[in-house]
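The chain contents come next:
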Amino acid sequence: MVYAVRLEGKFDLKEEDVLRFHPWVKPLLEEITNQGLKYRISNIDAEVFVELDLDKLTLNLNYVLPRIEEFDEGFYEISAKLGNEPPAIMRILSVEHFEIDISTKHC
C-alpha cells in the first residue's frame with residue numbers, strides 16, 4: 001500500500017529547490033562563482049512529502065536511551081530500510097537550514 005508521508009531531516013536536494021525557499025542566496029552564489037571558486041550546498045534540513053510503499057518496507061522499532069547528562073526520558077523511534085534507491089520526493093514543504101561549502105580549483 002503506497003502512502004504519502006511527511007518527513008523531516010537531512011536531504012540531498014537540488015540547488016533550485018533551496019533557492020525557491022531562500023532566493024536571497026542567489027547573489028551570494030553568483031559572487032562565489034565570479035571569484036573563480038566552486039560551491040556545493042550541503043547539510044540541507046528540510047521537510048518533504050514522499051511516497052512510500054509500506055508493504056515493501058522493513059520497519060524497526062528502537063528505544064533510544066537518554067544522554068547521561070540529561071535527566072530526561074528516552075524515546076521510541078521507528079526506522080525503515082528503503083532499499084538501494086531513495087524514494088522520489090513528491091513535494092518539498094520547507095528548507096530550514098543548509099550550508100554552503102566553498103572550494104578552490106585544487107582544494
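Look up: the structure comes first, before these words.
Residue positions are given per chain, counted from 1 along the sequence in the order it is written. Predicted model: local features are reported for residues with pLDDT of at least 70 only, side-chain atom pairs are reported and counted for 80 or more only, and whole-chain, interface and lining totals are derived from all residues. Processing note: side-chain calculations cover all non-hydrogen atoms of the structure and skip hydrogens and water entirely.

### Re the nonpolar core
1) Next: If you look at the biggest cluster of nonpolar residues, it comprises 17 residues, and the most contacted ones within it are Leu-13, Ile-44, Ala-46, Val-95 and Phe-98.
2) Next: Only DSSP runs of H or I with at least four residues qualify as helices, and only runs of E with at least two residues qualify as strands; both kinds are numbered from the N terminus onward. Looking at this core, the elements with two or more residues in it are helix H1 (15-21), helix H2 (26-34), strand E2 (38-53) and strand E5 (89-103).
3) Next: Sort the elements by how many residues they give to this core and E2 lands first, with six residues.
4) Next: We call two residues in contact when some of their heavy atoms are within 4.5 Å. Look past the residues within four positions of Phe-98 in its chain and what remains in contact with it is Val-18, His-22, Trp-24, Val-25, Ile-41, Ser-42, Asn-43 and Ile-44. Only buried Ala, Val, Leu, Ile, Met, Phe, Trp, Tyr and Cys residues count toward a nonpolar core, and they belong to the same one when joined by side-chain atoms within 4.5 Å. Three exposure classes are used, based on accessible area relative to the maximum for each residue type with a 1.4 Å probe and protein chains only: buried under 20%, partly exposed in between, and exposed over 50%.

### Points about the environment of Pro-86
1) Next: Within the fold, Pro-86 resides in the loop between strand E4 (75-81) and E5.
2) Next: Distance in space between the C-alpha atoms of Pro-86 and Val-50 is 9.8 Å, their sequence separation being 36 residues.

### What to know about the sheet that holds strand E1 (residues 2-11)
1) Next: In this scheme, strands are said to pair when DSSP sees at least two bridges between them. Read across the open sheet, the three strands follow the order E1-E2-E5; overall the sheet is antiparallel. Each edge of the open sheet carries a strand with a single partner, namely E1 and E5. Pairs of neighbouring strands in the sheet enclose a mean axial angle of 20°, with direction left out of account.
2) Next: Across eleven bridges, E2 lies against E5 in antiparallel orientation. Its bridge partner being in E5, Asp-45 is matched across the sheet by His-97.
3) Next: Where H2 meets the sheet, it contacts E2 and E5, and its direction lies at approximately 135° from that of E2. Only C-alpha atoms enter the line fits that serve as axes; for helices the fit covers just the stretch in contact. Angles between N-to-C directions range over 0 to 180 degrees.

### Some remarks on a nonpolar patch on the surface
1) Next: Think of a patch as exposed residues, more than 30% relative accessible area, with no salt bridge, where like charges cluster within 9 Å and nonpolar side chains (Val, Leu, Ile, Met, Phe, Trp, Tyr) cluster within 5 Å. Values of accessible area rely on a 1.4 Å probe in the Shrake-Rupley scheme; residue burial ignores everything except the protein chains shown. Only one rule defines a salt bridge in this text: a Lys or Arg side-chain nitrogen within 4 Å of an Asp or Glu carboxyl oxygen. Together, Leu-59, Leu-61, Tyr-63, Leu-65, Tyr-76 and Ile-78 make up an exposed nonpolar region whose accessible area comes to about 750 Å².
2) Next: Of all the secondary-structure elements, those providing two or more residues to the nonpolar patch are strand E3 (58-64) and E4.

### Quick notes on unusual backbone geometry
1) Next: One non-glycine residue, Asn-43, adopts positive backbone phi at about 50°.
2) Next: Mapping Asn-43 onto the fold places it in strand E2.

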